[in-house]
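Take a look at the letters that make up each chain.
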There are 2 protein chains.
Amino acid sequence: MTEQQRRPTVMDVAQAAGVSRALVSIVMRGAPGAAESTRQKVLEAARELGYRPDSRARLLRSSRTRLLGLSFFSAHAFHAEIVDAAYAAATSRGYELALSAVAKGRPETRAIESLLDFGSAALILISPTLSAEELAGYAGQVPVVSLLRDDVGEPVDSVSSDDHAGIRMAVDHLTGIGHRRIVHIDGGTAVSAELRRAAFRAEMDRLGLPARIIPGGPTEEDGLRALRSLRADLPSAVIAFNDRCALGVVEGLRADGLKVPDDVSVLGYDDSQFARLSYLQLSSVSQDAPLLAAAAVDRAIDRIEGTQAPAHVVSTPHLVVRKTSAPLRDDLRESVRLAP
Amino acid sequence: MTEQQRRPTVMDVAQAAGVSRALVSIVMRGAPGAAESTRQKVLEAARELGYRPDSRARLLRSSRTRLLGLSFFSAHAFHAEIVDAAYAAATSRGYELALSAVAKGRPETRAIESLLDFGSAALILISPTLSAEELAGYAGQVPVVSLLRDDVGEPVDSVSSDDHAGIRMAVDHLTGIGHRRIVHIDGGTAVSAELRRAAFRAEMDRLGLPARIIPGGPTEEDGLRALRSLRADLPSAVIAFNDRCALGVVEGLRADGLKVPDDVSVLGYDDSQFARLSYLQLSSVSQDAPLLAAAAVDRAIDRIEGTQAPAHVVSTPHLVVRKTSAPLRDDLRESVRLAP
DNA sequence: CTCGGCGTCTAGATCGTTCTAGTAACACCA
DNA sequence: TGGTGTTACTAGAACGATCTAGACGCCGAG
């Protein structure tokens, strides 16, 4: 058995440096009110003892806690990228991050309450599934920022990506390189599927093109299945609900002996790690996770520090063109001109 | 501006129920020493006020903290599955989990120290990259359990998967269905790459077969690259370092017009979400994340509660056969017999 | 009638910090 | 000389829980 030694406290440092506890506290958090000479003395003593302030005590006592609570879904790989970026944004503004995952058998309310129990000064929730009323309840306790979802009611901040703009970019890109017969494989009942569906319809209408929409979903299987119902009358380009769905479409096309993008162009959405797979090189609409995360962190901190009212910020996505989209082949172009 | 209301404390509940703070504490943590009638009264008052004990205060005061610190890599999708399972295991034993990610610009020491500052009673580190000495330093403060890595020194617990057994299963599976010319695309400098390399060599030796090993790595690109150097003399089966590497191999083979598993069988390792992709259906060695996570949580709690010495537990992986491995084709079998 | 034991309950100390209020020393200026 | 600042520091109260030690009422045994 190894003996577990007690960790040094502010008291130990104070004794070692020959000052009061309060002064150690002042030095440790870089507050004004200590002479440079004693500051050095205290810092030295702290370093010597390997002292680190105890978050529990600090969080308990101080009103200004500098702790952001972040909830994410352990099953969504995409959320990990946001976590990553949120850490960077938070630490650069001098804040700590408390993580809590929504997992199997661990509902969102549990994750949120855990964050609150740890004394988070604000909550950042990635694509929360709670109702606006439930969210408002938490917003009564601390500022709440919803990330990737914007219909969250008045008292809750939101940072989201402009789905309509994203779809417009996709459509403009494809029509710009000659495509006319474009299909959208939608996300079914997934979050923001309805928005993207409507945007696709509106954009195709605007251009006077037929808006063909096929029921899909967020997984590879959904993409594969949708493709099957498309085989009889293949379009020249597909905009999938997301990257995984697009992946299914690409694989399905290849299995049928068709070439992407020579025969059919395919666009994804999210610009996730799947899109970057070297053999795939999927063209995709990027929501720019780091940017969104930074924006959410900023909103949260501004709400904590200032007395601003909640706001809904919308960021504009951008298109990342890789190798699954290419100009319409000339022979296909002819056949399309003949179509009704 | 919405007014942030103060959250109720043990004092509020005590007043509402007409008892002392201490009694509320006793009731809330289910300790003995309260009459059933008052217990109900307190519980009722707590429910009414929406009271939840404050983790910071609880953790600060009590010696027995019931909090496990878990560090994971935000970039490793595989770790998310472990987080998921760890939550389940921890809550089933009445423990809370504190998460801390190793991310870009956030080294492992920072993640660990954050967990310690929050008062974790034990640490579970997923595939830690620190040296045995550094780990021992932390183990002097709280019990430390290393997950997926076992060369961590004496004072640190470890829970890992038997890599040799995993490779043996892969080799036995392939040889059992007729394969003789098997190649291992290794993991380069990645964690446990050396172990798997040695295991492959030993197992092939045992069977009197040539152990051909190609430098690879943990990503799709590594798999693709390795495949390129293989084209001149294609084996009938490949054991890749992990699933992502295997994915690159499969895609590369398909791009060359070869069929998997008809022309070449491919085995992955990890049984990650990639392996389960519907169009891939990769045969893979599963380390069984939920099981490992549960074992790590159990070790940690046993160390906290009992006074057991650190131990190294090794779990046996199992093979999940899907659609990328099939019996050796007869025509290939002949040509192999002729080979030296 | 006292005593010990048991079950129930409470006052007050405590965890390691931060915060508030205040002291002491010293300089500045009228 | 005495008021007014300013700077450097400190004592002690908080924060919200748990824990320790002990009080109180009640019962049955001596």
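How each quantity is defined
Residues numbered from 1 in each chain as written. Chains lettered and ligands numbered in written order. Predicted model: local features only at pLDDT ≥ 70, side-chain atom pairs only at ≥ 80, totals over all residues. Heavy atoms only, no water. Least-squares fit on C-alpha atoms with pLDDT ≥ 70 in both. Contact = heavy atoms within 4.5 Å. Core = buried A, V, L, I, M, F, W, Y, C linked by side-chain atoms within 4.5 Å. Buried < 20%, exposed > 50% of the residue type's maximum accessible area, 1.4 Å probe, protein only. Helix = DSSP H or I, 4+ residues; strand = E, 2+ residues; numbered from the N terminus. Polar contact = N/O pair within 3.5 Å; in protein donor to acceptor, adjacent residues only side chain to side chain. Buried area = accessible area lost by both parts, 1.4 Å probe. Salt bridge = Lys/Arg side-chain N within 4 Å of Asp/Glu carboxyl O. Nonpolar A, V, L, I, M, F, W, Y, C, P; charged D, E, K, R; others polar. Domains from an automatic or database assignment. Near = heavy atom within 4 Å. Pairing = 2+ DSSP bridges. Axes fitted to C-alpha atoms, helices over the stretch in contact; angles between N-to-C directions. Parallel < 35°, antiparallel > 145°, perpendicular 65-115°, else oblique. Left-handed = near helix turned anticlockwise from the far one by under 90°.

Chemist: Just checking my understanding: could you explain the relation of the copies chain B and chain A for this structure?
Modeler: Comparison of the two chain copies shows a relationship of rotation about an axis with a shift along it. With an RMSD of 0.2 Å, the fit of chain B onto chain A corresponds to turning through 180° and sliding 0.2 Å along the axis. Given the turn and translation reported, the copies of this chain are related as if by a two-fold rotation axis. Within chain B, the C-alpha atom positioned nearest to the axis of rotation is that of R56 of chain B, 2.3 Å from it. Looking at chain B, 100% of its interface residues are interface residues in chain A too, so the copies touch through the same face.

Chemist: Looking at this model, I keep getting lost on the nonpolar core. Mind explaining?
Modeler: One finds L68 and L99 of chain A together with L68 and L99 of chain B to be the most contacted residues of the largest nonpolar core, which totals 60 residues. Non-local contacts of L68 of chain B, meaning those with residues more than four positions away in its chain, are made with A90, Y95, E96, L97, A98, S120, A122, I124, V297, A300, I301 and I304 of chain B. Counting residues in hydrophobic clusters, the runner-up holds 47 residues, among them A226, A240 and V260 of chain A together with L224 of chain B.

Chemist: What exactly am I supposed to notice about the environment of R197 of chain B here?
Modeler: All names here are of chain B. Structurally, R197 can be placed in helix α9 (residues 193–206). Of the residues examined, R197 reaches a relative accessible area of 15% and is grouped as buried. Separated by 30 residues in the primary sequence, R197 and I167 have C-alpha atoms spaced 8.8 Å apart. Setting aside residues up to four positions removed in sequence, R197 forms contacts with H184, D186, G188 and I213. Separated by 2.6 Å, the side chains of R197 and D186 make a polar contact. At 2.6 Å, the side chain of R197 forms a polar contact with the side chain of E194.

Chemist: Is there a simple way to explain the interface of chain B and chain A in this structure?
Modeler: A common way to state how big an interface is: give the accessible area lost once the parts meet. Taken together, the 59 residues of chain B in the interface contact 59 residues of chain A. Carbon and sulfur atoms make up 54% of the area that chain B and chain A hide from each other, which totals about 5100 Å². Considering only the side of chain B, the residues that lose the most area to chain A are R56, D117 and F118 of chain B, jointly responsible for 15% of the buried surface there. The tally of links between chain B and chain A comes to 10 salt bridges. Residue E96 of chain A pairs with R106 of chain B through a salt bridge whose shortest N-O separation is 3.3 Å. At the boundary of chain B with chain A, the tally comes to 21 residue pairs in polar contact (both at pLDDT 80 or more). Within the residue set of the side of chain B that touches chain A, elements represented by two or more residues are α4 (55–61), β1 (67–73), α5 (77–92), β2 (96–102), α6 (108–117), α10 (220–228) and α11 (243–255) of chain B. Here the side of chain B that touches chain A is composed, by residue class, of 26 nonpolar, 16 polar and 17 charged.

Chemist: Is there a simple way to explain the domain arrangement of chain A in this structure?
Modeler: Taken domain by domain, chain A comprises domain 1 (10–53), domain 2 (67–161 + 289–315) and domain 3 (163–282 + 322–338). A separation of 34 Å is found between the C-alpha centroids of domain 1 of chain A and domain 2 of chain A.

Chemist: Got a minute to help me understand the protein's contact with DNA strand D in this structure?
Modeler: The environment of DNA strand D is made up of 25 residues, and the closest members are S20, T38 and R61 of chain A together with V10 and S25 of chain B. Among the atoms of DNA strand D lying within 4 Å of the protein, the sugar-phosphate backbone contributes 61%. Note that a phosphate oxygen of DNA strand D is positioned 3.0 Å from one of the side-chain N or O atoms of Y51 of chain B. In this structure, a phosphate oxygen belonging to DNA strand D sits 3.2 Å away from a main-chain N or O atom of D54 of chain B. Elements with a contribution of two residues or more to the surface near DNA strand D: α2 (21–28) and α4 (55–61) of chain A together with α2 (21–28) and α4 of chain B. Examining the composition of the surface near DNA strand D, we find that four residues originate from one element, α4 of chain B, more than from any other. The residue inventory of the surface near DNA strand D, partitioned by class, reads 12 nonpolar, five polar and eight charged.

Chemist: Looking at this structure, I do not really get the sheet that holds strand β12 (residues 318–320) of chain A. What am I missing?
Modeler: Backbone hydrogen bonds are what pair the strands of a sheet, in a parallel or an antiparallel way. Residues and elements named next belong to chain A. Taken together, the six strands give an open sheet; going across it, the order is β7-β6-β8-β9-β10-β12, and neighbouring strands pair in mixed fashion. The open sheet terminates on both sides in strands that have one partner only, identified here as β7 (212–214) and β12. The average angle at which neighbouring strand axes cross in this sheet is 25°, direction not considered. When strand β6 (residues 182–185) meets β7, the two strands line up parallel, connected through three bridges. Bridging across to β7, I185 finds its partner in I214. Its contacts with the sheet place helix α9 (residues 193–206) against β6, β7, β8 (237–240) and β9 (265–270), and it is angled at close to 170° to β6. With respect to the sheet, helix α11 (residues 243–255) is in contact with β6, β8, β9 and β10 (283–286), its orientation differing from that of β9 by roughly 160°.

Chemist: When you look at the protein's contact with DNA strand C in this model, what are you seeing that I'm missing?
Modeler: DNA strand C sits among 25 residues. The nearest are V10, S25 and R61 of chain A together with T38 and R61 of chain B. Sugar plus phosphate: this is where 64% of the atoms of DNA strand C within 4 Å of the protein reside. A distance of 3.0 Å separates a base oxygen of DNA strand C from a polar side-chain atom of R61 of chain A. Between S20 of chain B and DNA strand C, the recorded distance is 2.8 Å, taken from a backbone N or O atom to a phosphate oxygen. For the surface near DNA strand C, the secondary structure elements donating two or more residues are α2 and α4 of chain A together with α2 and α4 of chain B.

Chemist: Where do I start with the packing of helix α10 (residues 220–228) of chain A against α11 of chain A in this structure?
Modeler: What describes two packed helices is the angle between their axes and the distance between those same axes. All names here are of chain A. Relative orientation of the contacting elements α10 and α11 amounts to 50°, with a least axis distance of 6 Å. As judged from the angle between their axes, α10 and α11 are oblique. Relative to α11, the crossing made by α10 is right-handed. Contact with α10, carried on its side by E220, G223, L224 and L227, involves R244, C245, L247, G248, V249, G252 and L253 of α11 and no other residues of that element. Split by residue class, the contact of α10 with α11 holds six nonpolar, three polar and two charged.

Chemist: Could you clarify how one ought to interpret the pattern of salt bridges in this entry?
Modeler: Close approach of charged atoms allows side chains with opposite charge to pair. Taken as a whole and assessed by the stated rule, the structure comprises 60 salt bridges over all chains. Linking E81 of chain A and R276 of chain A is a salt bridge whose minimum nitrogen-to-oxygen distance equals 3.5 Å. Of this pair, E81 of chain A sits in helix α5 (residues 77–92) while R276 of chain A sits in the loop between β9 and β10, and the two are 195 residues apart along the sequence. Residue E81 of chain A is classed as partly exposed on the basis of its relative accessible area of 26%. The salt bridge involving R52 of chain B is made with E113 of chain A; its shortest N-O contact spans 3.6 Å. Taken together, the positions of R52 of chain B in the loop between α3 (36–49) and α4 and E113 of chain A in helix α6 (residues 108–117) put the pair across two chains. Classification of R52 of chain B as partly exposed rests on a relative accessible area of 33%. We classify E113 of chain A as partly exposed; its relative accessible area is 22%.

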